[in-house]
Amino acid sequence: MHISTSILTWIAVILTFGIFSFLWKDNPFYKFCEHLYVGISLGYVISLNWYNSVYPDLFRPLFFQPLSQVSLGNKLLLIVPLVLGLCYFCRFIPQASWLVRFPMAFVLGWGAGVTIPAVFQTSLIRQMQGTFLTPGIFARWDVFLWALLSFVGVICSVLYFFFSREHKGALKLASETGIVFLMVGFGASFGYTVMARMSLLIGRFQFLLRDWLGMIR
Amino acid sequence: MKFLSHLLKIDRRIIYIVMGLLVIFPLVKPLGLGVTSGPRATRLFDAVDSIPPGKTLLIAVDFDPSSMPELYPMLAAVMRHAFAKDLKVLLCGLWVTGAGLADKAVTEIPPEYGKKYGDDVVYLGWKAGIDAVILGMGENIRNVFPTDYYGHPLESLAMMRDVQRLRDIPMGVAISAGTPGYTDWLNFAQSRYGLKLGAGVTAVSAADAYPYLQTGQLTGLLAGMKGGAEYEVLVQKNGYSKAYMPAVAAMDSQSLAHVVILLLVIVGNVAYFATRKRGT
Amino acid sequence: MKRTIPLALVLIMGITMMIQFFVPHPVSVGYYDLTTKWIRIVGAFALVLGTGSFIMFHSDKTRRRRQGWGYSIVAIAALVVVALIGLCPRIMLWWAVFLPTAAVVLGLLLVLVRSVDKLKRFITIWYVIAGAALLVALAGFAVGVLAGRFGWRLPHELAGGIRPGSILQNVIFTNFLVPLNASMFAILAFYMASAAYRAFRARTREAALLLVAAFIVMLGMVPIGANVPFFWFLVVAVAALAVAGLVTRAKALFIGAGMLAVGLLVWLVFWKFRIPPLMLPDTAEWVLSVPNMAAKRAIIFGVALGGIATSLKVILGIERGWLGGGKQ
């Protein structure tokens, strides 16, 4: 065992135990660490946002780069997103809070317009292509069987979410089959979720045992 | 039956202590269970392996410290594989709090292979906009990232001379913890610019990625810490790295933790149904 | 006008971006490049909303002395300190380490003084220490800014605050952000263990099916399951069902155990009494690749269609919730 003598490692360990102390019960130490985390995260994000986005994309070309590098036309065009961005600040001025709608409209409209064809292609068309039974599946008996099972599973699971008609007769049978597939899917997700959560804990213990206590190399 | 009803009322802190001890024990005294690579990790490995030397591999670092134990080993293993195959590595990210992790990887891993920043690896950094970043990179990377993360103009970096847009990159690996993540790269980079994509995801979202694997939209998938361990094993088995494998080292703990959860569910259910039947 | 122009803007942006996807003309591509660039800039400003709301909430809590107001001071102080360090162009090493350490120590002292009754009378002394630390910090900040302005050479000078790649960025990220962020999510593992014991009940057939699928994936996806034939998993399942039936005296469980045992016997006969070679990881892989894939694909269809419908509603102005309320 070789305990670390670095003060920074000890700070990290103290903060780790501060968060872990919540497991025993809620306490002032945990609350302190929680609020510290929120404040530090936001401060860190603000500075990175400035250095990586706002300064190189807006302020530098608009105010600090000469006309030989950025033309007057391009500089004037940058005023549009600057004004739209500043409209976000109007959220805190009650009389002018309606101005927030402009940047939101711009972002929502752009996002919706760009997303629709992309989602159509990725999540609908390609996924439908993957569902359909193609001649290739007849190469082997098990490939055929599982492809057929998947096809039935997709159809039945989609029909489970069809609430425009009462689930009676054939629709009820399909819907109940869909539930079976959905439950297996959620079970698989749950199994993986257990793995995820345990991994995060193991990672923290690896830090404590390796970097702090030096018990593992 | 009284024993079973007492068992149901056990203090949760005792469960926490038992859980903690059973996770710590295999880290200190490994059980030696070993890790074998699955088909999904092997598919991704083969895809990266088949990229000709000198070409660029794009790695999207779309995670933050909360998913670091699962995803950082994947990032390290993929980078080691790429450097061993003499590929250039281009990193970028859609998560602002992941910038430090990519910086850490760029600082620690290239020197192991004698690789130089600017010639063999470039970290573009993080930019606000998510979809706009990906779409912008598809047209011209310099429009989105005029400089890299450290402030160097892209023109001054030798590696970037041959890489102008996403179509110049044969393959990307999106290592993501959620949204934004691999689905955004699929929606925008692949559908519009045809980028071949592999993914490394947290275990929470691994089950959701299977439809994309089946259609071939994803070329390979690394799922959680196990996926990272599988890739580490593949990289080491093929002689590309001799580095410490943190994900492999954690697999014994992972196995024991899963068995404990299983037993807790079974015992809890048995105790519940037994006491419920008897009305105690 | 206050609602009409934004609605018109949404409509124009939505329709033009949808059409642009199919038009490779240089004008279309130029428009696409321009709007993409503007979106990145506007998106960066959106952070302001979150920061402003955060500061307003915590300063309001402090002003009204609501329960836990001391922690709000910690949160705002941390935000201000880290943002200042990040945005300040030049900084001295001792100040860079001093500031976060002082903030942490002062915060701990404040918590101690406010929570322990005997120490409450020392609150005035705390204010004095905090004031002094603040003066020192401001002095260091001023020196740092002046050093940058006049080019003074200071000992242990560091170029940049949380400038990307700087030592200070690594210190704050590695020793503050990583342990706090990672630990916050690591404790979920304990909650999962507790929930597994107390809440995960196979009350219905669907819940039982969910748990069985979860067990297969949980064991199959880790090394401990890698050498286990699926056959033995099912044998354990028969035993578990039989024991559960015995304990709960439920006939259905005995019948289930019996049916599964018969199925296993048939399987053994088919393999001429050798253990069938199907391993647990292969079974888990099948569960993930076939039934799970089918279910997730159905969910993808639903989410995609829902997303497209909502996007169209927003573009066409049918969905107006984003405009906010009020007569304006």
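Residues numbered from 1 in each chain as written. Chains lettered and ligands numbered in written order. Predicted model: local features only at pLDDT ≥ 70, side-chain atom pairs only at ≥ 80, totals over all residues.

Now for the overall build of chain A. Within chain A, the regular secondary structure consists of six helices and zero strands. Ordered by position from the N terminus, the helices and strands of chain A form the series α-α-α-α-α-α. Taken against the 2.2 N^0.38 rule, which gives 17 Å for 217 residues, the C-alpha radius of gyration of chain A at 28 Å runs more than 25% over that of a compact globule. Seen along its three principal axes, the alpha-carbon backbone of chain A occupies a region of about 65 × 65 × 40 Å. Evaluated residue by residue, chain A yields a buried proportion of 43% over its 217 residues. Long-range pairs, those at least 24 residues apart, make up 26% of the contacts in chain A between residues at least 6 apart in sequence. (Helix = DSSP H or I, 4+ residues; strand = E, 2+ residues; numbered from the N terminus. Rg over C-alpha atoms; globule rule 2.2 N^0.38 Å. Buried ≥ 20, exposed ≤ 12 C-beta atoms within 10 Å, placed from the backbone. Contact = placed C-beta atoms within 7 Å.)

Attention shifts here to the interface of chain C and chain B. Contact residues are listed per partner, giving 48 residues for chain C and 52 residues for chain B. Of all elements in the fold, only helix H2 (26-45), helix H7 (167-186), helix H8 (188-198), helix H9 (205-220), helix H10 (230-248), helix H12 (280-289) and helix H13 (291-315) of chain C reach the threshold of two or more residues within the side of chain C that touches chain B. Per element, the largest residue contribution to the side of chain C that touches chain B is eight residues, and it comes from H7 of chain C. For the side of chain C that touches chain B, the per-class residue count stands at 30 nonpolar, nine polar and nine charged. (Nonpolar A, V, L, I, M, F, W, Y, C, P; charged D, E, K, R; others polar.)

All names here are of chain C. Within chain C, residue pLDDT values average 83, and 89% of them lie at 70 or more. Averaged pLDDT values over the elements of chain C bottom out at 43 in strand S2 (residues 157-159) and peak at 95 in H13. Confidence over residues 156-161 falls short of pLDDT 50; this stretch has 21 contacts with residues more than four positions distant or in other chains. Overall fold confidence for the complex sits at a pTM of 0.87, while the interface term, ipTM, reaches 0.90. (pLDDT = per-residue confidence, 0-100.)

Of the residues in chain A, 100% reach a pLDDT of 70 or more, and the chain-wide mean stands at 90. Looking across chain A, the model is least confident in helix H2 (residues 28-64) of chain A, with a mean pLDDT of 89, and most confident in helix H6 (residues 170-212) of chain A, with 94.

Listed as interface residues are 101 residues of chain C and, on the opposing side, 94 residues of chain A. The leading source of residues in the side of chain C that touches chain A is H13 of chain C, at 17 residues. Within the side of chain C that touches chain A, the residues separate by chemical class into 76 nonpolar, 19 polar and six charged.

Residue and element names in this part refer to chain B. Spatially, six strands are ordered S3-S2-S1-S4-S5-S6 in an open sheet, and the strand pairing comes out parallel. Taken across any chain shown, the strands that pair with only one partner, and hence form the sheet edges, are strand S3 (121-126) and strand S6 (218-223). Recorded for the sheet is a direction-independent mean angle of 15 degrees between the axes of neighbouring strands. Bridge count for strand S2 (residues 88-93) against S3 is four bridges, and the pairing is parallel. Note that in S3 the partner of Val89 across the bridge is Val121. Sitting on the sheet, helix H5 (residues 99-108) touches strand S1 (56-62), S2 and S3, and the angle it makes with S3 is about 170 degrees. The strands touched by helix H10 (residues 224-237) are strand S5 (196-201) and S6; relative to S6, the strand with the most contacts, the crossing angle is about 110 degrees. (Pairing = 2+ DSSP bridges. Axes fitted to C-alpha atoms, helices over the stretch in contact; angles between N-to-C directions.)

Attention shifts here to the packing of helix H4 (residues 68-84) of chain B against H10 of chain B. The angle between the axes and the distance between the axes are what describe a pair of packed helices. Residues and elements named next belong to chain B. As a packed pair, H4 and H10 sit with axes 8 Å apart at the nearest point and diverge in direction by 20 degrees. Taken together, the axes of H4 and H10 lie roughly parallel to each other. For the element pair H4 and H10, the recorded crossing hand is left-handed. Facing Pro69, Glu70, Pro73, Met74, Ala77, Val78, Arg80 and His81 of H4, the residues of H10 in contact are Gly224, Met225, Gly227, Gly228, Tyr231, Glu232 and Val235. (Parallel < 35°, antiparallel > 145°, perpendicular 65-115°, else oblique. Left-handed = near helix turned anticlockwise from the far one by under 90°.)

Here S3 of chain B lies mainly inside the structure; six of its six residues are buried. Taking the sense of rotation as the criterion, the β-α-β connection linking S2 of chain B, H5 of chain B and S3 of chain B turns out right-handed. (Right-handed = clockwise from strand over helix to strand, strands pointing away.)

Right, let's get into the packing of helix H5 (residues 141-160) of chain A against H13 of chain C. The geometry of H5 of chain A relative to H13 of chain C is characterised by a closest axis approach of 8 Å and an angle of 40 degrees between their N-to-C directions. The angle between the axes of H5 of chain A and H13 of chain C places the two elements in the oblique class. As for how H5 of chain A packs across H13 of chain C, the hand of that crossing is right-handed. Residues Ser150, Gly153, Val154, Ser157 and Val158 of chain A of H5 of chain A pack against Pro291, Met293, Ala294, Ala295, Arg297, Ala298 and Phe301 of chain C of H13 of chain C. In terms of residue class, the contact of H5 of chain A with H13 of chain C is made up of eight nonpolar, three polar and one charged.

Another aspect to go through is the nonpolar core. Ile59 and Leu75 of chain B together with Val217 of chain C are the most contacted members of the largest nonpolar core, which has 227 residues in total. With 16 residues, H6 of chain A is the largest single contributor of residues to this core. Both domain 1 (68-186) and domain 2 (202-289) of chain C contribute no fewer than three residues apiece to this core. When sequence neighbours within four positions are dropped, the list of residues in contact with Ile59 of chain B reads Leu75, Val78, Met79, Val89, Leu91, Val173 and Ile175 of chain B. By size, the runner-up hydrophobic cluster in this structure holds seven residues, among which are Phe273 and Ala274 of chain B together with Leu241 and Ala244 of chain C. (Core = buried A, V, L, I, M, F, W, Y, C linked by C-beta atoms within 7 Å. Domains from an automatic or database assignment.)

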